[in-house]
Structures are given as structure tokens and as C-alpha cells.
Amino acid sequence: MQGEEVLHGGNTNVVVRVGDTVRRHTGHWTPAVHALLAHLESVGFTDAPAVLGIDDQGREVLSYVIGEVGLLDPCNPLPPWFRTTEACIAIGDWLRRFHDAQRGFTPDPSLPWRMYAGRALHAGEVVVHHDAAPYNTIRRPDGGLTVIDWDFCAPGDPIEDLAFSAWQWVPLWADKAAVAVGYGGAVSVPESARRLAALADGYDASADQRSRLLDACVDQMTKHANDLEAMGFTDPAFARLVDLGVASNARLDAAWVRANEAALSAEVRGGA
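The following paragraphs examine the structure supplied in this document. Treat the numbers as computed from the prediction; the structure is a model and nothing was measured.

Quick notes on the rules
- Residues numbered from 1 in each chain as written.
- Predicted model: local features only at pLDDT ≥ 70, side-chain atom pairs only at ≥ 80, totals over all residues.
- Heavy atoms only, no water.
- Core = buried A, V, L, I, M, F, W, Y, C linked by side-chain atoms within 4.5 Å.
- Buried < 20%, exposed > 50% of the residue type's maximum accessible area, 1.4 Å probe, protein only.
- Helix = DSSP H or I, 4+ residues; strand = E, 2+ residues; numbered from the N terminus.
- Contact = heavy atoms within 4.5 Å.
- 1 Å grid on protein atoms, 1.4 Å probe; cavity = no way out; pocket = protein on both sides within 12 Å on 5 of 7 lines; lining within 4 Å.
- Points joined across faces, edges and corners; volume = space filled by probe spheres on them.
- Nonpolar A, V, L, I, M, F, W, Y, C, P; charged D, E, K, R; others polar.
- Pairing = 2+ DSSP bridges.
- Axes fitted to C-alpha atoms, helices over the stretch in contact; angles between N-to-C directions.
- Left-handed = near helix turned anticlockwise from the far one by under 90°.

Quick look at the nonpolar core
- Of all hydrophobic cores here, the largest spans 67 residues; its most connected members are Leu40, Trp94, Trp150, Leu172 and Leu196.
- Top element by residues in this core is helix 6 (residues 207-232). It accounts for 9 residues.
- The residues touching Leu172, leaving out its near neighbours within four places in the chain, are Ala166, Trp167, Ser192, Leu196, Cys217, Met221, Asp253, Trp256 and Val257.

What follows is the structure in C-alpha cells.
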């Protein structure tokens, strides 16, 4: 297609801009994701891309969102705002509003998700984004956030989103040298605890959620590692991430959280 501009930052998908739209390859999970995004748009939730259809190459067409993206690679340290405690509060608030906007949404059990078969929501569940990290977040000129890349959505406990975002926004990384060089986030346990509590405050997490948050973080880190390795057997893009150490680093992060659980938990529970 004439006038296509490849957008950088994606690890597993080729994304192009065409005018005011974004084009991405679809998968068996796309109809389920589009149904969710259509519901969000119908209730006035404007902090997600709008679905505009499928193009003549079979790619999904989404609205292009202008703003600053939280890219992170060796040549592009995370932009300054993404490194702040304010950002942790903001993504917690985004998750709360995203989950609340799903009231009245009933997933079609016949539509599969990427990693799971379609099913009805169980009591207390929502459709979890599962990847609301800085690298999938655009900070618009008005200061609002739009989260992109909805490929890994699936029904689950809301705390799964809270835990995954805590992992990536605080960040809860064992490699503090990597944090300091490219991320600018928390590089000490006390600072990690304060930023983790800020994210939980932004979400208005309940006392029960705060008590379960660190276990959920470890679960998300371990699951992420397992899923990457499983997908790496059949998908070269995910095999590349495994080769880069993403799965092994996730397991190191889980061990770091366990080793510092008492200090992290004390700060988070203090906001309940």
C-alpha cells in the first residue's frame, strides 16, 4: 500500500501507519479483541484504539494515536515522564477505568483469545489486557494515556493486569543496573515499594488486592516466561525474545520480588 510508514518498537508484529490509521496483521483472536474494543468505544472509553475495520490485505485497521510512546531499547532510554511516580499512578488509574468500562460486556464464548479458548466470564473477572506496559502505552498531548497491542487479552482476575503493570512500570526488575541506565525507575527496594504502592493507589486497589499483589506479580513473571518459551517453539519472533534472555530475566525478577517481599508488601498494604 502506498504511503505506508513502518512504526518501530514492536517485537512480534509488523505495524505500519497509513494516514490516520494503523495496520496490523490479524490472528484467530482478532474478532474477540475487536468485540471488546467496540464495547469500550460504545461506552465512551476513549483511552484505547478505535477499530476501523479490515483492509484489503486482511490487516486490522485501527485509529492512529498521536503522542509519546514508552519505547525502551539500547538506543532509546524511556522518555522522562514514563520514569515518574506520577506515571505509576496514571497507569493504575487507566487500569481501573478500563476494568470498570467493561460493565455490561459479555464475551462471545465461541470467539477464541490468543492463548485461550473463548468462554464466559466467571464471577469477579474482566477481560485482562495482560500487557499494559510502557512499551505499549502512548502519552497523548493532553496527558491522557492510550494503551495499544491488545493481542493477549483474555478473561481473568483484574489483579493480573495490576501485577503485570506493576512489574513493568515500577519496574520490579532484579537487574537494577539495567533500570538505572535505560529506565530511570526504582533502583532500591524502598523506592520500588513506594512506586508499587503508588500504582496500587492509582488503581484504588482493595485491601484484598493489596494482600495478593506480590503473589500475583510472581505469578505473572513466571507465566510470562513459560508462555514466551512455549511460543518460541513455533514463532521465530518469540524465539528471538527467549534468546535475548527475556524469559530468564522474568524468572530472576520473580526471585527478586520473593527475596524482598516483606519490605514491598509493608508499603503496599499501608495504603489499604
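Description of the environment of Gly53
- Tracing the chain through its elements places Gly53 in strand 4 (residues 51-54).
- Gly53 sits in the partly exposed class, given a relative accessible area of 25%.
- Sequence spacing of Gly53 and Ala237 is 184 residues, and the spatial spacing of their C-alpha atoms is 26 Å.
- Among residues more than four places away in sequence, those in contact with Gly53 are Arg59, Glu60 and Val61.

What about empty space enclosed by the protein?
- Taken as a whole and assessed by the stated rule, the structure comprises 1 cavity of 30 Å³ or more.
- Estimated volume of the largest cavity: approximately 70 Å³.
- Lining the largest cavity are Arg24, Trp29, Thr30, Val33, Leu37, Glu60, Leu62, Asp149, Trp150 and Asp151.
- Of all the secondary-structure elements, those providing two or more residues to the lining of the largest cavity are helix 1 (30-42) and strand 5 (60-63).
- Looking at which element gives the most residues to the lining of the largest cavity, the answer is helix 1, with 3 residues.
- Of the residues contributing to the lining of the largest cavity, the split by class is 5 nonpolar, 1 polar and 4 charged.

Notes on the sheet that holds strand 8 (residues 137-139)
- Pairing is antiparallel in the open sheet, where 3 strands are placed in the order 6-8-9. One side of each edge strand has no neighbouring strand; the edge strands of this open sheet are strand 6 (68-69) and strand 9 (145-147).
- Lying over the sheet, helix 2 (residues 85-100) contacts strand 8 and strand 9, oriented at roughly 60° with respect to strand 9.

Brief notes about the sheet that holds strand 3 (residues 21-24)
- Spatially, the 5 strands line up as an open sheet ordered 1-2-3-5-4, and their pairing is antiparallel. Two strands lie at the open edges of the sheet, namely strand 1 (5-7) and strand 4, each paired on one side alone. Strand-to-strand twist of the sheet, defined as the mean angle between neighbouring strand axes without regard to direction, takes the value 30°.
- Bridge count between strand 2 (residues 15-18) and strand 3: 4 bridges; the pairing is antiparallel. The residue of strand 3 that forms the bridge with Val15 is Arg24.

A short note on the packing of helix 2 against helix 5 (residues 189-203)
- Relative orientation of the contacting elements helix 2 and helix 5 amounts to 35°, with a least axis distance of 6 Å. Crossing of helix 2 over helix 5 shows right-handed handedness. Along the contact surface, helix 2 presents Thr85, Cys88, Ile89, Ile91, Gly92, Asp93, Leu95, Arg96 and His99, while helix 5 presents Arg195, Ala198, Leu199, Gly202 and Tyr203.
- Per-class residue counts for the contact of helix 2 with helix 5 are 7 nonpolar, 4 polar and 3 charged.

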